[in-house]
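The primary structure of each chain is shown beneath.
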Amino acid sequence: MTEQDPEFARAMERVTAWLRDDKELLIGGTWVAAATGEVVEVVNPSDGTTLGRVARGGEADVDAAVAAARAAFEGPWRRATPRDRQLLITRFAGLIDEHYHELAILESLDLGVAYVRSFGKRNRTVSHLDFYAAVAGGRNAGTRVEASTMPGRFGVIVEQPIGVVGAITPWNSPVMSALWKIGPVLATGCTMVLKPAEEAPLVSLRLGELLIEAGMPAGVVNIVNGRGSVAGAALAAHPGVNKVAFTGSTDTAKSIITATTNNFARLSLELGGKSPNIVFADADLAAAAKGAIAAGFTNSGQICTAGTRLFVQDVVYDEFLAELRMHTARLRVGPGLEPGVDVGPLVSRRQQERVQGFLERATQQGAETVVGGGDVDPRLHAGSFIMPAVLGGITDDMEVYSEEVFGPVVVARPFSSADEVIRMANDSRYGLAGGIWSRNIDTVNRVSAEVDAGIFWVNGYGLMDPAFPFGGMKHSGYGREGGLVQLEDYLTTKTVVQGTDL
Ligand code: ADP
């Protein structure tokens, strides 16, 4: 599938037609305007044009959506069997597959991500839902436990859905970040209110349409676009919410933690990172260089797991950076939907200015530009582009070394030994992901055991799979997405004590 294929052209026509009408909020199975009537424009970051208009929900809409989710939770959805839920997910997965070209185009338009990447996630996306469908068929188990002190008594410990989930998602991977929450909600029998990021709400709204088409009962998934500080904050603190599933920045997570002191909602937090990508001299250096490019610049570096701290063993440091320079300079930067583009713009002008600020301060602090970071082609000036950059001459005290940039900026540092690089890798408040490139099994075992990371890749980077749990340590958050363990977060247990006293 390339941008020139007839299927692409047909999907583009459907997307263009879809974008003509204002998009509303999904509450209780119907599309409604925001209570205030407010609408906002969604901007295409590739060229600064307006893509469409969406309703901007506020507190009243969040209230209505939580009420709808509660009613659905206590309604017929409660009696849906695992098989019913499984079939719903399967139908939803089928529709996503069928409409994937449109979803990938929408993601590329809304976020700027290169189409090759948004479309490239098709199989992985659908297989995630297949995974949730498979587990839905057998979830919510129970166990019988004999009482340890009361003869004749036993407990039946049943798993129940936790209730109404408030899901708050970021803009950097709108399809997957929504599905990582919709999947377990449907699989376990919870209901939800999804608050997508205002920068890129379109895909989530389209997913809502596909859920309705798949036969989702009204109110099971509600979608309220809106400002983080208004709709997001109202959702996190809402007394009707039993769990908050948040993906976003570490700073916002602090407000969310505070908000949940009101409702005692269970929390899962998938936050930022400054992940180490470690290259030993004995690695396949050509593969490691390509891996480092993908780790740093995919989605313009706007990925929480991006490998933005690159540690290269000193004996091959210069050679490796030369290879990196060559690959980086060859990357084609341009509008997300343009054929052949590897790296699109950043999501917004605000984000572009933020990243530019990081680059300027890094230079002032003495970082050296190995490649990139300079001016973009003048024809791209209407969009929010940054040329992928690798910085060297890095020292411990530099802001760009410790802070998450969330842009196409990789900082490179030499190291001499495994001991040293483990210490450097862990000298961060984050602990989301990491990677190692080496052919020495002892080195691999040692480093993967000791680096703080919720997911760690060996001779590869960013490899995700529905069966693999993913999430952070330290300030990168807690709770996991993906894998069987994620389901536990959406379930609570009830012990029913039975039997007769003997
Ligand atoms: P980013 O800086 O990457 O946009 P945020 O953490 O600000 O990351 O955003 C992630 C999600 O959190 C978005 O949907 C955003 O609207 C929402 N959000 C932002 N501020 C708050 C808040 N105070 N309470 C709840 N949600 C918020």
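Bear in mind the structure is a predicted one, so any value in this text is a computation, not a measurement.

Peer 1: Outline the packing of helix α3 (residues 82-98) against helix α8 (residues 202-213), supporting the account with residue identities and numerical values.
Peer 2: Contact pair α3 / α8: the axes reach a minimum separation of 9 Å and the direction vectors enclose 130°. Judged by the inter-axis angle, α3 sits oblique to α8. Pair α3 / α8 crosses with right-handed handedness. Each of F92, L95 and I96 in α3 lies in contact with α8, whose residues at this interface are L207, L210, L211 and E213. For the contact of α3 with α8, the residue count by class is six nonpolar, no polar and one charged.

Peer 1: Before we move on, could you go through the pairing of strand β10 (residues 243-247) and cite the residues and values that matter?
Peer 2: Most of β10 is tucked away, with five of its five residues classed as buried. Alternating residues of β10 divide into K243, A245 and T247 and V244 and F246, and every residue in both groups is buried. With four bridges connecting them, strand β7 (residues 164-168) and β10 associate as parallel partners. Bridge pairing in β10 links A167 to A245. With five bridges connecting them, β10 and strand β11 (residues 266-270) associate as parallel partners.

Peer 1: Go over the packing of α3 against helix α7 (residues 174-188), please, and point to the residues and values.
Peer 2: For the pair α3 and α7, interaxial distance at closest approach is 8 Å and the crossing angle is 150°. Of the possible angle classes, the one that applies to α3 and α7 is roughly antiparallel. Our pair here, α3 against α7, has a crossing hand that is right-handed. Contacts between α3 and α7 involve R85, L88, I89, F92 and I96 from the former and L179, I182, G183, L186, A187 and T188 from the latter. Tallied by class, residues from the contact of α3 with α7 come to eight nonpolar, two polar and one charged.

Peer 1: Account for the site of the ligand, with residues named and values stated.
Peer 2: In the neighbourhood of the ligand, 15 residues make up the surrounding shell, with T169, W171, K195, S249 and T252 lying closest. Here an oxygen atom of the ligand sits 2.6 Å away from a polar atom, N or O, in the side chain of K195. Between S249 and the ligand, the recorded distance is 2.8 Å, taken from a side-chain N or O atom to an oxygen atom. Protein chains bury 80% of the 550 Å² of accessible surface belonging to the ligand in isolation. Elements with a minimum of two residues in the shell around the ligand: α9 (228-237), β10 and α10 (250-263). Here the element with the most residues in the shell around the ligand is α9; it accounts for three residues. When its residues are assigned to classes, the shell around the ligand shows seven nonpolar, seven polar and one charged.

Peer 1: Describe the side chain of E481, naming the residues involved and giving the relevant values.
Peer 2: Its location among the elements puts E481 in the loop between β21 (477-478) and α17 (483-488). Reaching out from E481, the side chain makes a polar contact with the side chain of K181 at a distance of 2.8 Å. Ignoring anything within four residues of it in the chain, the contact list for E481 reads W180, K181, T247, E270, F468, P469, F470 and Q486.

Peer 1: Please set out helix α6 (residues 122-136) residue by residue, giving values where relevant.
Peer 2: Here α6 is 15 residues long and its end C-alpha atoms lie 21 Å apart, about the 21 Å a rise of 1.5 Å per residue gives. Packed against the buried residues of α6 are α3, α4 (100-111), α7 and α17.

Peer 1: Which residues make up the environment of G240, and what values go with them?
Peer 2: Of note, G240 is situated in the loop between α9 and β10. For G240 and F320, which are 80 residues apart along the polypeptide, the C-alpha to C-alpha distance reads 54 Å. Discounting chain neighbours no more than four positions away, the residues touching G240 are V66, R70 and V164.

Peer 1: Please give an account of the sheet that holds strand β19 (residues 455-458) that cites residues and values.
Peer 2: Read from one edge of the open sheet, seven strands run β14-β15-β16-β13-β12-β18-β19, paired in mixed fashion. Of all the strands in the sheet, the pair left with one neighbour each is β14 (368-371) and β19. Ignoring strand direction, the axes of neighbouring strands in this sheet form an average angle of 25°. With three bridges joining them, strand β15 (residues 389-392) and strand β16 (residues 409-415) adopt parallel strand pairing. From the neighbouring strand, V390 faces β16, where its bridge partner is V410.

Peer 1: Give a detailed account of the packing of aromatic side chains, specifying residues and quantitative values.
Peer 2: Scanning the entire structure with this criterion turns up nine aromatic pairs. Ring centres of W180 and F470 lie 5.4 Å apart, and the angle between their planes is 25°; on these two criteria the pair is classed as stacked. One end of the pair, W180, is in helix α7; the other, F470, is in the loop between β19 and β20 (473-474), and 290 residues separate them in sequence. Exposure remark for W180: the relative accessible area of 10% places this residue in the buried category. With relative accessibility at 2%, the residue F470 sits in the buried group. Between the NZ or CZ atom of R78 and the centre of the ring of F73, over which it lies, the distance is 5.3 Å. A cation sits over an aromatic face here: K243 above Y490, 4.8 Å from the ring centre.

Peer 1: So what's going on with helix α15 (residues 418-426)? Residues and values would help.
Peer 2: Among the residues of α15, those classed as buried are A418, V421, I422, M424 and A425. Axial view of α15: buried residues confined to an arc of 165°, hence all on one face. For α15, exposure combined with an orientation more than 90 degrees from the buried face picks out D419 and R423. The elements touched by buried residues of α15 are β12 (276-279), β13 (309-313), α14 (399-402), β16 and α16 (441-450).

Criteria and thresholds
- Residues numbered from 1 in each chain as written.
- Predicted model: local features only at pLDDT ≥ 70, side-chain atom pairs only at ≥ 80, totals over all residues.
- Heavy atoms only, no water.
- Axes fitted to C-alpha atoms, helices over the stretch in contact; angles between N-to-C directions.
- Helix = DSSP H or I, 4+ residues; strand = E, 2+ residues; numbered from the N terminus.
- Parallel < 35°, antiparallel > 145°, perpendicular 65-115°, else oblique.
- Left-handed = near helix turned anticlockwise from the far one by under 90°.
- Contact = heavy atoms within 4.5 Å.
- Nonpolar A, V, L, I, M, F, W, Y, C, P; charged D, E, K, R; others polar.
- Buried < 20%, exposed > 50% of the residue type's maximum accessible area, 1.4 Å probe, protein only.
- Pairing = 2+ DSSP bridges.
- Near = heavy atom within 4 Å.
- Polar contact = N/O pair within 3.5 Å; in protein donor to acceptor, adjacent residues only side chain to side chain.
- Areas by Shrake-Rupley, 256 points an atom, 1.4 Å probe, with all protein chains shown as cover.
- Expected span 1.5 Å × (residues − 1).
- Phe/Tyr/Trp six-rings, centres within 6.5 Å; stacked < 30°, edge-to-face > 60°.
- Lys NZ or Arg CZ within 6 Å of the ring centre and 35° of its normal.
- Arc of directions from axis to C-beta.

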